[in-house]
2 protein chains.
Amino acid sequence: MPPQKQVANLGDIARALGVSVATVSNALSGKGRVSASLIPRVREMADRMGYVPSLAGRALRTGRTGVLGLVLPDIANPLFPQIAQAIEFAASSAGYGILIGDSRGDSSVQTEAIHRLVERGVDGLVVVPRRGTRISESDCPVAVIDSPSTPGNTVSADHWQGGALIGAHLAAFGHRRVLLLGNNPASAVQNDRLAGMRDALSGHAETETLWIEPLEAERGVGSVLGLADYAARGFTAIAAVSDLHALRAFTELHRAGFRVPEDVSVTGFDDFSWSGVITPALTTVRADMQRIAAIAVSSLVRVIEGRDNVDEDGLVVSTEAARVPMQLIARQTSGPVRRASPEDNDKTE
Amino acid sequence: MPPQKQVANLGDIARALGVSVATVSNALSGKGRVSASLIPRVREMADRMGYVPSLAGRALRTGRTGVLGLVLPDIANPLFPQIAQAIEFAASSAGYGILIGDSRGDSSVQTEAIHRLVERGVDGLVVVPRRGTRISESDCPVAVIDSPSTPGNTVSADHWQGGALIGAHLAAFGHRRVLLLGNNPASAVQNDRLAGMRDALSGHAETETLWIEPLEAERGVGSVLGLADYAARGFTAIAAVSDLHALRAFTELHRAGFRVPEDVSVTGFDDFSWSGVITPALTTVRADMQRIAAIAVSSLVRVIEGRDNVDEDGLVVSTEAARVPMQLIARQTSGPVRRASPEDNDKTE
DNA sequence: AGAGTTTGCTTAAACGTTTAATCGGCCGCA
DNA sequence: TGCGGCCGATTAAACGTTTAAGCAAACTCT
């Protein structure tokens, strides 16, 4: 049994107005040749009958569904809400819907998730790749977010510049010894961030880098990082590569009797949702997700609608391979270095 | 110009095998009468030609798109990843896709978001309502998550029981004075949680409740909550209604010189993604989102596929109006009350 | 005024699927 | 042998849209 029609379709409008379906279609889309007087009548009748175009019918005919797939390495990632919200906004502003595909951290699941989305007929994909994911595979347009490694089809936050922002911030506060806190030495993103910090600090402060993951591999997960020692050695600032690690640094320092930011400044990265709520609120740097999403979606839409240049792999080529600047959020965990009472602790001046 | 076909369709397979499209369709779906010998041949040919059914064609014919809409009050909510991931998993296991609709906190946007999803032809909606949202409106099946107020069509975590879990946990640790930290006194969810805590603590400890939002309305957002005073008055545990507020409590206490959990235990709610990663890891309670999502999706699917009972508003009725039990995650921020030096504070033993 | 062009609409086909209706052949049965 | 029934397939219509092609009438131009 074919489904009984719920709402008005083009045929109903055409019948009510005594014209043909094609005319109604043309009138509504403004494409063919329709008399100027008829257009408002069609519009009004469509409104009155509560017409909503059948996306299925249109999709079948045009081959386009008006849906974009959003592929994420792991929805549980705390950065994801920002991305998802921005993408959803950008897409729906452009008249597209967002179908989500989660790969739950498994990169083999990721290609499978991509396949499912493609089979569902998405017009394009926005992919946030997991380290070491092969994307192309399919012949549908793809925009990649935040994988600075694959050039040409990518839009990402300018991690280097973000790091430089932090570096300059700390330099301006007069810090002379800054500990850089990374997690995984293999992460391109983290190295970009750290490189930006080092560059902005060079000439102002000496830096040292501590990697958490290798250290935990040795001493056990969740072990003390020994930040108190660094503070005792005269480091007055700790710049972490993520808010998560900044919080960890903050608590560890605090526990060891150092005050933030009076004794040691601490900075993070990414501005997670809680970063402004804690006391003291975390100084951090955030990506302009709205803009990143807008660029990703619009370049995708350009390819989908106008036939833009697409290389043989279906990857978007013409995209301004953008690096979107990040923004410093100076809050309470960073401040000027205080040398009031060096003898408070056993630091040597 | 009609889009040139990319992949094989039913017609191609039929031609290659010298049979009719209807037969191929029947063979693949196992519906009509097809000779047993033909079925594997069709299957194999379909595989070999890389056939993927056109969802658009099927949707047009059957009126079903195989897509569920997920409507969220605010994607930026840190609880969202859990929900989205669980729903996506449940839906894709059932062969459905998930189209997201965010209302960015605005409840008027929410109805509009719902409309967009319905126009896109979703077969059903999973709605996480914002306080005071009218849902029905449309005639498509709806499952509501986590709004305990509207009974009958809802699946939610058992917030009361979750609160009781926390209460019992703190009682077992010997706490005698517990500060309950809520945000908005008007929230049904929060009141459920607090009621559960109070019930489990009654007879073991006295409780007092502090609401953040009213307090911030008075003193300004982000102001100090004065938790140190409570601690000084002999409160040895602070049970928050969300991990966010627990983190805030933790940092504020920490700053005031109290140690967690040695001096004061702190507990949260919801187990956000970062709660186990921070140091010290947060003791909290989490909802079994997998199960909640499975119930929501399966009841939706039952309505969509079999014609289940649906009331005049299109809301799913037959659903076991489930309250899914929550689970205690005891980590590092809670511990036994230490009475090593009772004269530290003015508590009387 | 006749030829060509433009205007405003219609006709018809197509996208790929599902499914009701049909139909010839074969079997069993009286 | 004649007939009803089943089996295995086909034919055809339908879902709602877009769009190329066609066509009569009105308009333009020489």
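Preceding this paragraph is the structure being described.
Residues numbered from 1 in each chain as written. Chains lettered and ligands numbered in written order. Predicted model: local features only at pLDDT ≥ 70, side-chain atom pairs only at ≥ 80, totals over all residues. Heavy atoms only, no water.

So, the protein's contact with DNA strand C
Basically, it comes down to this: Residues are classed as near a molecule or strand on a simple rule: at least one heavy atom within 4 Å of it. Any N or O atom pair separated by 3.5 Å or less is treated as a polar contact, with the protein-specific requirement of one donor-capable and one acceptor-capable atom, and with residues adjacent in sequence counted only for side-chain atom pairs. Helix numbering and strand numbering both begin at the N terminus, where a helix is a DSSP run of H or I of at least 4 residues and a strand a DSSP run of E of at least 2.
In the region of DNA strand C, 27 residues are neighbours, and Thr 23 and Arg 33 of chain A together with Leu 10, Tyr 51 and Arg 61 of chain B sit closest. Backbone polar atom of Leu 10 of chain B to a phosphate oxygen of DNA strand C: 2.6 Å apart, as the coordinates give it. Within the side chain of Tyr 51 of chain B, one N or O atom sits 2.6 Å away from a phosphate oxygen of DNA strand C. Contributing elements (two or more residues each) for the surface near DNA strand C: α2 (21–29) and α4 (55–62) of chain A together with α2 (21–29) and α4 (55–62) of chain B.

Topic: the relation of the copies chain B and chain A
Note the threshold: Here the copies are matched by least squares. The fit uses the C-alpha atoms of residues with pLDDT of at least 70 in both. By definition, residues are in contact when any of their heavy atoms lie within 4.5 Å.
With an RMSD of 0.6 Å, the operation that places chain B on chain A is a rotation of 180° combined with a shift of 0.5 Å along the axis. This pairing of chains is accounted for by a two-fold axis. Across chain B, the smallest distance between a C-alpha and the rotation axis is recorded for Leu 99 of chain B, namely 2.3 Å. Most of the interface of chain B is mirrored in chain A, where 92% of its interface residues again form contacts.

Quick look at the protein's contact with DNA strand D
Tyr 51 and Arg 61 of chain A together with Thr 23, Arg 33 and Ser 35 of chain B are the nearest of the 27 residues found near DNA strand D. Of all atoms in DNA strand D that approach within 4 Å of the protein, 59% are sugar or phosphate atoms. Take Arg 58 of chain A: an N or O atom from its side chain is 2.9 Å from a phosphate oxygen of DNA strand D. Between DNA strand D and Arg 61 of chain B, the relevant distance is 3.3 Å, taken from a base oxygen to a main-chain nitrogen or oxygen of the residue. When residues of the surface near DNA strand D are traced back to their parent elements, those giving at least two are α2 and α4 of chain A together with α2 and α4 of chain B. Among the elements that make up the surface near DNA strand D, the one with the highest residue count is α4 of chain A (four residues).

What about the pairing of strand β6 (residues 177–182) of chain A?
Residues and elements named next belong to chain A. Put simply, the rule reads: Burial here depends on accessible area, computed with a 1.4 Å probe over protein chains only, as a share of the maximum for the residue type. Under 20% is buried, over 50% is exposed, and the range in between is partly exposed. A pair of strands is treated as paired once DSSP finds two or more bridges between them. Looking down the strands as they point away from the viewer, one classifies a crossover as right-handed if the path from the first strand across the helix to the second runs clockwise.
Judged by how many residues are buried, β6 sits mostly within the fold: five of six residues are covered. Here six bridges tie β6 to strand β7 (residues 206–211), and the two strands are oriented parallel to one another. From the neighbouring strand, Gly 182 faces β7, where its bridge partner is Trp 211. Handedness of the crossover joining β6 and β7 through helix α8 (residues 188–201) is recorded here as right-handed. Judged from the four bridges that link them, β6 and strand β8 (residues 237–240) form a sheet pairing that is parallel. Across the sheet, Leu 179 pairs through a bridge with Ile 238, a residue of β8.

A word on the interface of chain B and chain A
As a measure of interface size, the accessible area lost when the parts come together is often cited. Counted only if it meets this: By buried area we mean how much accessible surface two parts lose on assembly, using a 1.4 Å probe and totalling the loss over both. Whenever a carboxyl oxygen of Asp or Glu lies within 4 Å of a side-chain nitrogen of Lys or Arg, that contact is scored as a salt bridge. Throughout, the ten residues Ala, Val, Leu, Ile, Met, Phe, Trp, Tyr, Cys and Pro are labelled nonpolar, Asp, Glu, Lys and Arg are labelled charged, and all others, Gly among them, are labelled polar.
Every contact between the two is made by 59 residues of chain B and, on the other side, 55 residues of chain A. Taken over both partners, the interface formed by chain B and chain A buries close to 4700 Å², and the fraction arising from carbon and sulfur atoms is 60%. Among the residues of chain B in contact with chain A, Gln 85, Arg 120 and Arg 255 of chain B are the three that bury the most area, contributing 15% of the side total. If you look at where chain B meets chain A, you find four salt bridges. The residue Arg 116 of chain B makes a salt bridge to Glu 88 of chain A at a minimum N-O spacing of 4.0 Å. Linking chain B to chain A there are 14 residue pairs in polar contact (both at pLDDT 80 or more). In terms of residue count, helix α11 (residues 243–255) of chain B provides more of the side of chain B that touches chain A than any other element does, eight residues in total. Across the side of chain B that touches chain A, the residue classes break down as 28 nonpolar, 17 polar and 14 charged.

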